[in-house]
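# Residue-level structure breakdown
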Amino acid sequence: MSAKSYIGRDAVLENGWLAAHKWLLIRRIVQLGILGLFLAGPLADVWIVKGNLTSSLTLDVLPLSDPFILLQSLFAGHVAASSAVLGAAIVVAFYLLVGGRVYCSFVCPVNIVTDTARWLAKRFALPKGWQPSRQTRLWVMGSVLVTAMVSGVMAWEMLNPVTIIHRGLVYDFGYVWTVVLALFLFDLVVSRRGWCGHLCPMGAFYGVLGVFSMTRISATQRAACNDCMDCFAVCPEPHVITPALRGAGTKTGPVILSGDCTNCARCIDVCAKNVFQFDLRFNNFAPASEGDGRDEMVSTNRHAA
Ligand code: SF4
Ligand code: SF4
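Presented here is a report on the structure given in the accompanying data block. (Residues numbered from 1 in each chain as written. Chains lettered and ligands numbered in written order. Predicted model: local features only at pLDDT ≥ 70, side-chain atom pairs only at ≥ 80, totals over all residues. Heavy atoms only, no water.)

Right, let's get into the sheet that holds strand β2 (residues 55-58). By way of backbone hydrogen bonds, the strands of a sheet pair with one another, either parallel or antiparallel. If you trace the 3 strands from one edge of the open sheet to the other, you get β1-β2-β3, paired in antiparallel fashion. With partners counted over all chains shown, the strands left at the sheet margins are β1 (49-51) and β3 (62-65), one partner each. Strand-to-strand, the axes of this sheet are offset by a mean angle of 20 degrees, without reference to chain direction. As paired strands, β1 and β2 are joined by 3 bridges and run antiparallel to one another. Among the inter-strand pairings, Lys50 is bridged to a residue of β2, identified as Leu57. (Pairing = 2+ DSSP bridges. Helix = DSSP H or I, 4+ residues; strand = E, 2+ residues; numbered from the N terminus. Axes fitted to C-alpha atoms, helices over the stretch in contact; angles between N-to-C directions.)

Here you go:
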């Protein structure tokens, strides 16, 4: 076994296993907790939340609606109920505050499936397979809206695995496990990170929101980076790291501004040098102690996503 046998080993040795998996554990608890809240009604008659991820009512007072699904409905020519518009506005405001693709990393149940497939693919060094452009998901998102406008129905919602899986789990549709297996195998053997990283229109929508969101990941201590590459290895969207981490000595600040970043915080977990932290988008200035030119010594080839 090599000296560096797994991603994040240095962080585990330096900070302990719990600290090196803190955000991963928090995310899974939040994802399963949200699912549990939705399931508690149908399964245990505890109705804290009614509905599903598409549209819900919490404690009989707080309406929440998925803004991308509302947008499809509007494109299809439907008149939205005021509660749906209010619910979507609340959701948009929330994700503008915490990060658009926090939906992907902390809420969406598909994320657990695709993360598992990615982990297994890396563990067994499977080929990456088909890797379409990251822009593909934006084209898929546009096509979903145009289809709704032309057809007058929310056609995508009959196929959307996020909706199918969440509704299926809540309302006990047997075929939901077929969808889970299909997504898992697609990401494992056809296209690594193919669904979430390249195709999913909901991820694309929340990524657009994320461009404007407040809470960001920052490589604040980037001068301490020792080029172990663990953050790149663990990141679901590694291209977002390079400008922030490798900007030392340049005008590029340490804050990751790409809407593709999911704020999953795995880069915080696995960094033994504690380079990354949560921050606000406005704190994007290079620390005065930087500028020693160390970035010029780094081979950019090593950092290609
Ligand atoms: S990209 Fe789509 S399926 Fe993946 S986590 Fe985000 S919303 Fe869910
Ligand atoms: S940069 Fe960090 S927080 Fe953003 S997606 Fe990558 S690992 Fe997650």
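Right, let's get into a nonpolar patch on the surface. A cluster of nonpolar residues, Leu37, Val46, Ile48, Leu59, Val61 and Leu62, forms a patch on the protein surface that exposes about 510 Å² of accessible area. With respect to the secondary-structure elements, Leu37 resides in helix α2 (residues 22-44). Note on Leu37: relative accessible area 36%, which makes it partly exposed. (Patch = residues over 30% accessible without salt bridge, like charges linked within 9 Å, V, L, I, M, F, W, Y side chains within 5 Å. Areas by Shrake-Rupley, 256 points an atom, 1.4 Å probe, with all protein chains shown as cover. Salt bridge = Lys/Arg side-chain N within 4 Å of Asp/Glu carboxyl O. Buried < 20%, exposed > 50% of the residue type's maximum accessible area, 1.4 Å probe, protein only.)

This next bit is on the pairing of β2. Only one face of β2 is buried, namely the one carrying Ser56 and Thr58, since none of Ser55 and Leu57 on the opposite face is buried. Counting the residues that bridge the hairpin from β1 to β2 gives 3 residues. Taken together, the 4 bridges between β2 and β3 define a ladder with antiparallel strand orientation. Bridge pairing in β3 places Leu57 opposite Pro63. Two successive antiparallel strands, β2 and β3, enclose a turn made up of 3 residues, where Leu59 displays a positive phi of approximately 50 degrees.

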